[in-house]
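Secondary and tertiary structure notes
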Amino acid sequence: MTKQKLIKIWNNRLKPTKAFWKEAHSEFPVYIWQNKEQKIVSSTRKVSKRLINNIRLTKNTTFRKVNQDSFIYVKGTKKRIELQEWDVIQTTPNGKEKFTHELRNLIVLEKGQKPLHLNKPYPESKHVETGLRTKAIFDSAMSAYIINDFVAELKRSFLSDLFVDNQFEEAIKDQCFRYYARDYEIIENIVKYHDRLNHLAKLGAYNAMKALISSSQYSNINKGKLTDKFIRDNVEFLKENPSISQIGDVLTSKTLAAKIGVAAYKISNMFRNKIIIPEDFAESNLKYIDFNKIGKEVLKQNNLRNILDNCYKYAMEIEFCQKIGAFRMADYLVSGPLNYYHNLTIDREFLKANKQVLKNNPSIDYFLNRSRIEEFAKELRIKTGRLSNYLIKHNVSIQAFESYVDNIKYLKWDINKKTLFPDKFKINAEDAELAVELDKETQENQSLKLEFDKAVDDFKQYELTFKNFVFTIPHKPQDLIEEGVKLNNCLKSYRSKFAKEQTVIVFVRTVDAPNKSLFALEVNPKTNNIVQFRAKNNARPSDEANKIVKEYVEQVAA
């Protein structure tokens, strides 16, 4: 397609409606500049309170307010569907609002044609060429959200035959993530899979329709496998309107069934009912695995397809482990060995070499940390076998055991057989950990209070009334916690810094309401420079408040 043709498409685009611009403009603020004598309002638009900005009007007031946002407009006709991304810029010359609109991206969708993507790169964009082009990385091209009723536009377009009832509309709305830049991809998919969607609609397979139109970011199945042939071959199955996960399982069941040696429909039924039927494997390649001995947690936490895939891959190893009673190792193999985390290869040779240990049913942690267990046993002057057997019997990791020993040493408990090898390890370990936490917290609070009291004395010069504000500092650690809750910020994390006099936190409130939280100010005590000044939810204070705070800091420094 020639450049002249692309320019013509760009210039002859469909025109957005007044309702679209009204909706887009409603997202921008209204400014009110006023003093006792005069009031200037930037717009007569009706907006919510959160979008009204009151600003004090002075002789030095400038009206340099600039805001920008982007919005997507969708328009459908019998011939094509257009998605237009517009940059909307708000300025306030002389205190009166003015909007300018610039088209940034354009998508043209026609029946039976590939999507046409046109964009107009920003001047500072170095990774794209200037002018219109059709090879944009589309995910980065559109970043705004759709604000008009695009479903209504699709109904007016060449896609109208899909909307025979409300089910397809509900399928679309279920897949759309409003205020996320993915709705446009859903529209593309509806055009791309138009014929398949029609077939599925006639079958009532609305979940399959959701799978086809879903954004690639949120898709759980391979759309390429949900072909016309698959739909024709699985009419009865699709008529039941199976879930998206069930469809995904069926799409992958044929290959897996062939490997295992079980009829595909049996595998599909297992996926659909989310249960393994041991009898179905009686004549298969997995006939020697006892599925009844696989741990319930393993079956609950893992996808059935992955479980059967691992059973096929490690069939001989799982069978060996189950026969000698190494059920934890068998469950680990069923879940899928994470060999990329370590250099341990679990094969028949490894299992035979460790047969005697495996009979005690150890977890995989034991084999991953064998050298660490030996070193720690040597440090405690106990036999490695004694420690190993205890860890295996109570299913305790060496890391948890080391942490427990560190805690009892900190607490200066007697280290003997009873404390080192308790009958109920978990309970004893939790008790020790809690005792350590309480002891450390008590010491920390005592130390922090002494330091905090000294800091309050040293920072007294920061407390004063200046112009319309009252400036005060926290007098105890709890003050920072409470102020942080009221302003919804992280002031509580500054308790230690304030106590160590590494920073000064100042509460800024009005003279009229000295007990009402308003702003929080952080000052560097060495340089008296403002580190940060924030309102509730870390919002930026007004220009007037910033100016007064700056003068306040200069006065304190003087």
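Residues numbered from 1 in each chain as written. Predicted model: local features only at pLDDT ≥ 70, side-chain atom pairs only at ≥ 80, totals over all residues. Heavy atoms only, no water.

A word on the overall build of the protein
Looking only at helices and strands, the protein has 27 helices and 13 strands in total. Its C-alpha atoms give the protein principal-axis dimensions of roughly 90 × 75 × 40 Å. When each of the 558 residues of the protein is scored for burial, the buried share is 46%. Expressed as a percentage of contacts within the protein between residues at least 6 apart in sequence, the contacts between residues at least 24 apart total 58%. In the structure as shown, the protein presents an accessible area of about 32,400 Å², 47% of it carried by carbon and sulfur atoms. Averaging the positions of the 93 positive and the 70 negative side-chain charges in the protein gives two centres separated by 4 Å. (Helix = DSSP H or I, 4+ residues; strand = E, 2+ residues; numbered from the N terminus. Buried < 20%, exposed > 50% of the residue type's maximum accessible area, 1.4 Å probe, protein only. Contact = heavy atoms within 4.5 Å. Areas by Shrake-Rupley, 256 points an atom, 1.4 Å probe, with all protein chains shown as cover. Lys, Arg positive; Asp, Glu negative; His and termini not counted. Charge placed at Lys NZ, Arg CZ, Asp CG, Glu CD.)

What to know about the packing of aromatic side chains
Going through the model one piece at a time under the given rule, you end up with 26 aromatic pairs. Here the aromatic rings of tyrosine 404 and phenylalanine 425 are separated by 5.2 Å at their centres, their planes lie at 70 degrees, and the arrangement is edge-to-face. Taken as a pair, tyrosine 404 in helix H22 (residues 398-410) and phenylalanine 425 in helix H24 (residues 425-458) lie far apart in primary sequence, 21 residues in all. The exposure class of phenylalanine 425 is buried, given its relative accessible area of 9%. Relative to phenylalanine 498, the ring of phenylalanine 459 has its centre 5.4 Å away and its plane inclined at 70 degrees; by these criteria the two rings are edge-to-face. Taken as a pair, phenylalanine 459 in the loop between H24 and strand E9 (464-466) and phenylalanine 498 in helix H26 (residues 495-499) lie far apart in primary sequence, 39 residues in all. On the accessibility criterion, phenylalanine 498 (0% relative accessible area) is buried. Grouped by ring-pair contacts, the aromatic residues Phe376, Tyr390, Phe401, Tyr404, Phe421 and Phe425 constitute a single cluster. The ring of tyrosine 410 is capped by lysine 440, whose NZ or CZ atom sits 5.3 Å from the centre of that ring. (Phe/Tyr/Trp six-rings, centres within 6.5 Å; stacked < 30°, edge-to-face > 60°. Lys NZ or Arg CZ within 6 Å of the ring centre and 35° of its normal.)

Re the sheet that holds strand E4 (residues 66-76)
Read across the sheet, 5 strands follow the order E7-E6-E5-E4-E8 without closing on themselves; strand pairing throughout is mixed. The open sheet has two free edges, formed respectively by strand E7 (116-119) and strand E8 (145-146), since each of these has just one partner strand. Relative to the sheet, helix H2 (residues 18-25) contacts E4, strand E5 (80-91) and strand E6 (98-110), its axis offset from that of E5 by approximately 45 degrees. (Pairing = 2+ DSSP bridges. Axes fitted to C-alpha atoms, helices over the stretch in contact; angles between N-to-C directions.)

Description of the domain arrangement of the protein
What the domain assignment lists for the protein is domain 1 (3-138), domain 2 (149-259), domain 3 (281-361), domain 4 (366-440) and domain 5 (445-557). Spacing between the C-alpha centres of domain 2 and domain 3 amounts to 37 Å. (Domains from an automatic or database assignment.)

What about the pairing of strand E13 (residues 530-534)?
Sheet topology places strand E12 (residues 519-523) next to E13; 4 bridges connect them, and they run antiparallel. Within E13, the position partnered with leucine 521 by the bridge is phenylalanine 533. Remark: 6 residues form the turn of the hairpin made by E12 and E13, two consecutive strands paired antiparallel; asparagine 528 in that turn has positive phi of roughly 60 degrees.

Considerations on the sheet that holds strand E11 (residues 504-510)
Taking strand neighbours across the sheet as the criterion, the 5 strands line up as E9-E10-E11-E12-E13 in an open arrangement whose pairing is antiparallel. In this open sheet, the two strands that pair with only one neighbour each are E9 and E13. Between one strand and the next, the sheet's axes are offset by a mean angle of 25 degrees, whatever the strand orientation. Judged from the 3 bridges that link them, E9 and strand E10 (residues 469-472) form a sheet pairing that is antiparallel. By the bridge assignment, leucine 464 is partnered in E10 with phenylalanine 471.

Examining the environment of threonine 100
Counting through the fold element by element, threonine 100 comes out in strand E6. Spatially, the C-alpha atom of threonine 100 lies 21 Å from that of leucine 118, the residues being 18 residues apart in sequence. Threonine 100 has contacts with Asp87, Val88 and Ile89, leaving out every residue within four places of it along the chain.

Overview of the packing of helix H7 (residues 194-203) against helix H8 (residues 206-213)
Where H7 contacts H8, the axes come no closer than 8 Å and their chain directions differ by 160 degrees. Between H7 and H8, the crossing angle belongs to the class labelled roughly antiparallel. Read as a crossing pair, H7 and H8 show a hand that is left-handed. Seen from H7, the contacting residues are Arg196, Leu197, Leu200 and Ala201; seen from H8, they are Tyr206, Ala208, Met209, Leu212 and Ile213. Looking at the contact of H7 with H8 residue by residue, the classes come out as 8 nonpolar, no polar and 1 charged. (Parallel < 35°, antiparallel > 145°, perpendicular 65-115°, else oblique. Left-handed = near helix turned anticlockwise from the far one by under 90°. Nonpolar A, V, L, I, M, F, W, Y, C, P; charged D, E, K, R; others polar.)

Focus on the side chain of glutamate 402
Summarising the element assignment, glutamate 402 is placed in helix H22. Residue glutamate 402 is classed as buried on the basis of its relative accessible area, which comes to 13%. Setting aside its immediate chain neighbours within four residues, glutamate 402 contacts Arg372 and Phe376.

So, the pairing of E10
Connecting the antiparallel pair E9 and E10 is a turn made up of 2 residues, with lysine 467 showing a positive phi of about 55 degrees. As paired strands, E10 and E11 are joined by 4 bridges and run antiparallel to one another. Bridge pairing in E11 places valine 470 opposite arginine 509.

Some points on a negative patch on the surface
Among the surface-exposed residues, Glu430, Asp431, Glu433, Glu437, Glu441 and Glu444 lie close enough to one another that they form a single negatively charged patch. Among the residues examined, glutamate 444 registers a relative accessible area of 53% and is labelled exposed. (Patch = residues over 30% accessible without salt bridge, like charges linked within 9 Å, V, L, I, M, F, W, Y side chains within 5 Å. Salt bridge = Lys/Arg side-chain N within 4 Å of Asp/Glu carboxyl O.)

Observations concerning the pattern of salt bridges
The final tally for this structure, using the stated rule, is 23 salt bridges. Residue glutamate 169 pairs with lysine 155 through a salt bridge whose shortest N-O separation is 2.7 Å. Here the residue glutamate 169 occupies a position in helix H5 (residues 166-175), and lysine 155 occupies one in helix H4 (residues 150-156), the gap between them amounting to 14 residues. The exposure class of lysine 155 is partly exposed, given its relative accessible area of 37%. The residue aspartate 457 makes a salt bridge to lysine 460 at a minimum N-O spacing of 3.9 Å. For lysine 460, a relative accessible area of 52% gives the class exposed.

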